[in-house]
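# Chain and residue survey
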Amino acid sequence: QIAIGVKKEVDFPTWYTNVLLKADMLDYYNVSGCYILKPWSYSIWEEIQKWFDSEIKELGVQNSYFPYDHIEGFSPEVAWVTKAGNSDLEEPIAIRPTSETAIHRDLPLKLNQWNSVVRWEFKNPQPFIRTREFLWQEGHTAHLTKEEADIEVRQILDLYRRVYEDLLAVPVIPGVKSEKEKFAGGLYTTTVEGFIPTTGRGIQAATSHCLGQNFSRPEMFNIVVEDPTDPTNQRKTYVWQNSWGLSTRTIGVMVMIHGDNQGLVLPPRVASIQAVVVPCGITVNTSAETRTKIEGACDELAKTLKKSGIKAKADLRDDKTPGFKFNDWEQKGVPLRLEIGPNDLAKQQTLTVRRDNGVKNPVPLENIALTVSQLLESIQSDMFKRAQETYSSRLKEVTKWDDVVPTLDAKNVVVMPWCEIEACEDDIKERSAKGSEPTDERAPSAGAKSLAIPFDQSRWTPIEPGKTKCPACGKDAKRWTMFGRSY
Ligand SMILES: O=C(C[C@H]1NCCC[C@H]1O)Cn1cnc2c(c1=O)CCCC2
Ligand SMILES: [Mg+2]
């Protein structure tokens, strides 16, 4: 039976939620747009937290916690506490959508918090990808100079790149956002952009902003410090601030990229079970003695692997068949299955079965811990390489306007030599929305927006200043820019 009920390429949204439910990652909840994160997905968030938290502490960032805030201004996405029991609150409290306003008052230097935020999104929710409450970390730092702030923006962005590429085996492209797409309250926004091949949509995977002095200036929080370059110690300077965030959207992107029609496929680096050992070949006419030997060997193998730091588990459930167990662990995305049957025992071997590509290979039980850890490394790097090849194959260089919509419709990202003029971006969004021609009654699909201006421009033919023109408006192009439909 098709484990997941529908095929990924046939009905992606249904496939996606089925994968999450069958892998026991998530449960629906009685508040629309909110979901229960069950241990099988929460353990992935914990792996990400563990790694990222130790890295930012190396950069001198300390964790803290800021409560909800009375914020001014009104954004439709902000949820408010207006009552306690039966009585109304004097002043409503915002359930933080982010914590700039709470933190940017008495900012020491570099703070982070691991928390949840609420944004009452109106677009239809999608688990992990767009939810009304999500978990994230938000870093808020103050710096004496722009140079120092600029450096940290990129250090954090590279940590985000590594969360995706090294932990989740998901390729992302680091770059800067256009003026239209940046965080309006900041000076500039950098991003790591992911790509979902099945829908051909880009996805903002994490962001690292330089806020400039916008939040420290007198009209805002007036955060000044002695200017260290002034020997007379008279001069004050407004601090330069950054803010950066990565959320549980990471998990959704990983599921969408690696999942297949058997269900979830976990990168070993974040799997809470990396290898599952299953006793095989035991039937009703298997002697009790043989059964005990085989189960004993499976238990022994799991113990040996755990001793060497591999997250292994022997599935000794005696009320389930091997076939049932295979399907169960495949749906949960366990990267490696190790089978031991009577003839494996006789040959002192185990049959390895990779979840990512299904390849089966008998290996000796001798030195099995080293063999399995090398196999898990190969799975991790092969998963990344395959996803990277797919992403690269969907980045299409476009220098003629007429190629834009067909390229988007073929589920690609358009990479254009772009003028970086905001009005041009508005124009591109409009003109690239399918059904923009009056006669074209097909369902109009969202136009293309700029995703990022990649820092690494060397992948594309060098732009000749004054010669290379923007395909949308004909003005001088500045840098290669990724445009696409997006989440
Ligand atoms: O949250 C940020 C900026 C920043 N916040 C800290 C983490 C990094 C980065 O996301 C931008 N932002 C997004 N969304 C919203 C707000 C908002 O400030 C405030 C109103 C509600 C919706
Ligand atoms: Mg938003």
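Data block above holds the structure.
Scope of this entry: the structure provided in the associated data block. Because the structure is predicted, anything quoted here is derived from the model rather than measured. (Residues numbered from 1 in each chain as written. Chains lettered and ligands numbered in written order. Predicted model: local features only at pLDDT ≥ 70, side-chain atom pairs only at ≥ 80, totals over all residues. Heavy atoms only, no water.)

Of the regular secondary structure elements, the protein chain holds 11 helices and 22 strands. Of all 487 residues assigned to the protein chain, the portion counted as buried reaches 51%. Restricting the contact set of the protein chain to residue pairs at least 6 apart, pairs at least 24 apart contribute 66%. As displayed, the protein chain offers around 22600 Å² of accessible surface, 52% of which is attributable to carbon and sulfur atoms. If you average the places of the 61 positive and of the 67 negative side-chain charges in the protein chain, the two averages end up 4 Å apart. (Helix = DSSP H or I, 4+ residues; strand = E, 2+ residues; numbered from the N terminus. Buried < 20%, exposed > 50% of the residue type's maximum accessible area, 1.4 Å probe, protein only. Contact = heavy atoms within 4.5 Å. Areas by Shrake-Rupley, 256 points an atom, 1.4 Å probe, with all protein chains shown as cover. Lys, Arg positive; Asp, Glu negative; His and termini not counted. Charge placed at Lys NZ, Arg CZ, Asp CG, Glu CD.)

With that out of the way, let us pick up the pattern of salt bridges. Taken as a whole, this structure holds 35 salt bridges when the rule is applied. Taking the shortest distance from any N to any O, the salt bridge between Arg 269 and Glu 47 comes out at 3.4 Å. Taken together, the residues Arg 269 in the loop between helix H5 (249-258) and strand S14 (275-279) and Glu 47 in helix H2 (residues 39-58) connect sequence positions 222 residues apart. Among the residues examined, Arg 269 registers a relative accessible area of 31% and is labelled partly exposed. A residue is classified by how much of its surface remains accessible, and Glu 47, at 11% relative accessible area, is buried. Ionic pairing is found between Asp 150 and Lys 146, a salt bridge with its closest N-O pair at 2.8 Å. Here Asp 150 and its partner Lys 146 are both found in helix H4 (residues 146-167), 4 residues apart, which amounts to about one turn of the helix. Because the salt bridges share partners, they merge into one network encompassing Arg 354, Asp 356, Asp 382, Lys 385 and Arg 386. (Salt bridge = Lys/Arg side-chain N within 4 Å of Asp/Glu carboxyl O.)

In this section: the site of ligand 1. Neighbouring ligand 1 are 16 residues; Glu 77, Thr 98, Glu 100, Arg 119 and His 209 lie closest to it. Burial of ligand 1 by the protein amounts to 80% of the accessible area it has alone, namely 480 Å². (Near = heavy atom within 4 Å.)

Let's shift gears to the side chain of Asp 344. In this fold, Asp 344 is placed in helix H8 (residues 342-347). Within the buried set, Asp 344 has no salt-bridge partner at all; the shortest N-O distance to an opposite charge, 6.5 Å, is to Lys 347. A distance of 2.7 Å separates a polar atom in the side chain of Asp 344 from the backbone nitrogen of Gly 341. (Polar contact = N/O pair within 3.5 Å; in protein donor to acceptor, adjacent residues only side chain to side chain.)

Below, the discussion takes up the sheet that holds strand S9 (residues 188-196). Strands sit in the order S3-S6-S7-S13-S10-S9-S8-S21-S22-S20-S19 across an open sheet of 11 strands; the sheet is mixed. Edge positions in the sheet fall to strand S3 (62-63) and strand S19 (395-397), since each has one partner strand and no second. Packing of H5 onto the sheet brings it into contact with S9, strand S10 (201-212) and strand S13 (240-247), and relative to S9 it is tilted by some 30 degrees. Strands in contact with helix H9 (residues 368-393) are strand S8 (173-176), S9, S19 and strand S22 (479-484); relative to S19, the strand with the most contacts, it is inclined by about 30 degrees. (Pairing = 2+ DSSP bridges. Axes fitted to C-alpha atoms, helices over the stretch in contact; angles between N-to-C directions.)

Glancing now at unusual backbone geometry. For Ala 169, which is not glycine, the phi torsion reads 55 degrees and is therefore positive. Mapped onto the elements of the fold, Ala 169 is located in the loop between H4 and S8. Residue classification places Ala 169 among the buried residues on the basis of a relative accessible area of 0%. Positive phi outside glycine occurs at Asn 222, with the angle close to 50 degrees. As for its placement among the helices and strands, Asn 222 is situated in the loop between S10 and strand S11 (224-226). Residue classification places Asn 222 among the partly exposed residues on the basis of a relative accessible area of 42%.

Within the largest apolar cluster, 58 residues are counted, with the highest numbers of intra-cluster contacts made by Met 25, Trp 40, Ile 44, Phe 52, Tyr 160, Leu 168 and Val 255. Leu 168 has contacts with Ile 44, Ile 48, Val 163, Thr 250, Met 254, His 258, Pro 267, Val 270 and Gln 380, leaving out every residue within four places of it along the chain. Core analysis: the second largest hydrophobic core is formed by 26 residues, Ile 294, Ala 312, Leu 338 and Met 383 among them. (Core = buried A, V, L, I, M, F, W, Y, C linked by side-chain atoms within 4.5 Å.)

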